[in-house]
Each structure stands twice: as C-alpha cells, then as structure tokens.
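# Fold and contact review
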Amino acid sequence: MDKKINLPKYWRYFTLGFLMLCWIVLVFIMDKPEWTIIPAFIVYLLINALVFRSYTLGVIGNYWYTIRHFEKAYKYFEKAVKSGTHHVKALYLYALRLLQDGNGREALKYFELAEKYNCGILMEKYITVSKSSCYWIMGEIDKAISLLEGLMEKFSYISTDAYTTLGYLYFLKDNLEKAEKYTNKAIEDSEDHAPAWDNLGQIYYKKGKTDKAKEYFEKALSYKEIADSLYFMGRIREDEGKEKEAEEYYERALKCSISALNTVTEEEIKNRLKTLK
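A brief structural summary. Note that the coordinates shown come from a computational prediction; the quantities given were computed from them, not determined experimentally. (Residues numbered from 1 in each chain as written. Predicted model: local features only at pLDDT ≥ 70, side-chain atom pairs only at ≥ 80, totals over all residues. Heavy atoms only, no water.)

Okay, the overall build of the protein chain next. Along the protein chain, the regular secondary structure elements total 15 helices and 0 strands. Considered along the principal axes of its C-alpha atoms, the protein chain spans approximately 85 × 40 × 30 Å. The buried share among the 277 residues of the protein chain stands at 43%. By sequence separation, contacts in the protein chain at least 24 residues apart represent 50% of the contacts at least 6 residues apart. (Helix = DSSP H or I, 4+ residues; strand = E, 2+ residues; numbered from the N terminus. Buried < 20%, exposed > 50% of the residue type's maximum accessible area, 1.4 Å probe, protein only. Contact = heavy atoms within 4.5 Å.)

Written out as structure tokens, the structure reads:
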C-alpha cells in the first residue's frame, strides 16, 4: 500500500495537543478549576463536527451500523458520501450496499475512493475483495481474478471470503481444479464458512457428481440457510423426481436474502417453482 496521510491519526494527535493546551492555559495560567476543560472540549468537538461535517456524518452512520440499525446507518452514509466524506468505512459500506444491489460500476467508484483514503491493512484487503466482486458482476472475470491473486502475492494471508470468491471466479472460468483448490483453502481457514461448502457443491454439481454435490450443499445448509445451496438442492430433488421436496427447497430459498452476489436470482427460483406448480 502506498504511503498515505492518515487523517484520523493526525486529528487524534491534534485533539490530544488541544487538551494539553487547554489544561495548561485554563488550570496553570488562568488558575481555573480542572472541570472547565470539559466545556472547552465540548465546544471544540462541536466546532469539529461543523467544520468536518461530511466526516461526522460517516461517524454517526458507523455508530448506527455498529448497533445494527442498518437502514438508519445507510441514510447517514449516503449523506456523508454526497457531502464528499473521507470516512473510509462510510465509503466502503455505502459501496457495499450498491454492490449487493447489482450496481457494480457505481460501487467500484466508491471503493476506489475509499482505497484512496484508506491507511489500514485489513480494510485494504476488504476493499480489494469487494472491488474484485464489482468486476465479477460487471462480467470482467479475469480482472477480478487478477486483483485477488495480486492480493495473495502481497500478503501471506488474505481472508476466508477472498479464497471463497477466488474459488468461485475460477469456477466461472471452468477451471474446476483451481476452483476446488481455493475453496478448500477457505474451508481450511474457516470450516463453518457456508459459502465455501456451497462452492464445492456447485463444483461437483457441474462435474455431474450429484451425490457428492448434495453432501456439500447439505453441509453448507447445516451452517447457514443460503439461497444458492437451497436452489441447487431443489434442482437435485427435481432430477430425482421428488418434486414436492424440490418445491420446499425453492420456497425456503425465496425466504433468504438474495443479492447480486448470489449465484442464483430470485427470478430463477420463482421460475423453477412455476414449472413445478
């Protein structure tokens, strides 16, 4: 990562310096009681909130996101982004919502902006994985793979999600050997990672090894209800002539959260249900 100016760090240093100056001026020079530092600091924070309004909006959004009030958080993220914020997490989470909604090109713009201001290694990994997902839904699979392989060259460890995504990207390129290699790497890293088991299920379904695929999809579902595994279990049950069970899997799939990052769409699932009914 290129050397960047860590604005939040400098703000913290400046704030600490301001507190020390307040203490010296108010307590030692003006002989005021120590509690007078508190209102002075509150005024300082209020001025900061007004001067750095776009950053403050990001901070507020992040607070709501942390306590899981997601819709409220995204309202603040949107305001922060429109105000030209430098708040990395606000930019990242706002872009992530765009990505999940299928707006890959728009999301990429904000991920790149977050990358410009980011100074943290962990966030660098998150941003790069998310950028690769943007290229994936934009149909630029080679570029998506290149980003993740570049990340692997730079760091000895990336993340379970990164290995899973890379495995799926190779699956899309019909390189099942590499798809399985990186998916297994994700499972080694985190055995309860449902999307990685779903990857294996799809790999073996594509190979025509249905029994093995079913085993992996069931493993994924033992950890988490995900639309992809439920959909493919429905397809397998259809192939077995168990249409009632297939229906149940499709109905369960429709109850899941389905975004542009899923490998199946709500429309596909509804169409399978329609053919059965």
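Structure's up, so let's keep going.
Our next topic: unusual backbone geometry. Look at Arg68: it is not a glycine, yet its phi comes out positive at around 70°. Turning to its location among the elements, Arg68 is positioned in the loop between helix H3 (53–66) and helix H4 (70–82). Judged by its relative accessible area of 62%, Arg68 falls in the exposed class. Phi at Asp174 takes a positive value of approximately 65°, unusual for a residue other than glycine. Checked against the element boundaries, Asp174 lands in the loop between helix H9 (160–172) and helix H10 (176–189).

Let us look at a nonpolar patch on the surface. A surface patch of nonpolar side chains, about 700 Å² in accessible area, is lined by Trp11, Val43, Leu45, Ile47, Val51, Phe52, Tyr55 and Val59. Secondary structure elements with two or more residues in the nonpolar patch: helix H2 (37–51) and H3. Take the nonpolar patch: its biggest share by element is 4 residues, from H2. You can see Val59 is positioned in helix H3. Residue class for Val59 comes out partly exposed when judged on its relative accessible area of 42%. (Patch = residues over 30% accessible without salt bridge, like charges linked within 9 Å, V, L, I, M, F, W, Y side chains within 5 Å. Areas by Shrake-Rupley, 256 points an atom, 1.4 Å probe, with all protein chains shown as cover. Salt bridge = Lys/Arg side-chain N within 4 Å of Asp/Glu carboxyl O.)

Moving on, we get to the pattern of salt bridges. Scanning the model with the defined rule gives 16 salt bridges in all. Measuring nitrogen to oxygen at the nearest pair gives 2.6 Å for the salt bridge that ties Arg237 to Glu245. Arg237 sits in the buried class, given a relative accessible area of 10%. Judged by its relative accessible area of 31%, Glu245 is partly exposed. Among the charged side chains, a network of salt bridges with common partners joins Lys214, Arg237, Glu240, Lys242 and Glu245.

Further remarks concern the packing of H4 against helix H5 (residues 88–100). Relative to each other, H4 and H5 sit at 110°, their axes nearing to 9 Å. As the angle between them shows, H4 and H5 are arranged roughly perpendicular. Taken as a pair, H4 and H5 cross one another with a handedness that is left-handed. Here Glu71, Tyr74, Phe77, Glu78 and Val81 of H4 come into contact with H5, specifically with Ala90, Leu91, Leu93, Tyr94 and Arg97. (Axes fitted to C-alpha atoms, helices over the stretch in contact; angles between N-to-C directions. Parallel < 35°, antiparallel > 145°, perpendicular 65-115°, else oblique. Left-handed = near helix turned anticlockwise from the far one by under 90°.)

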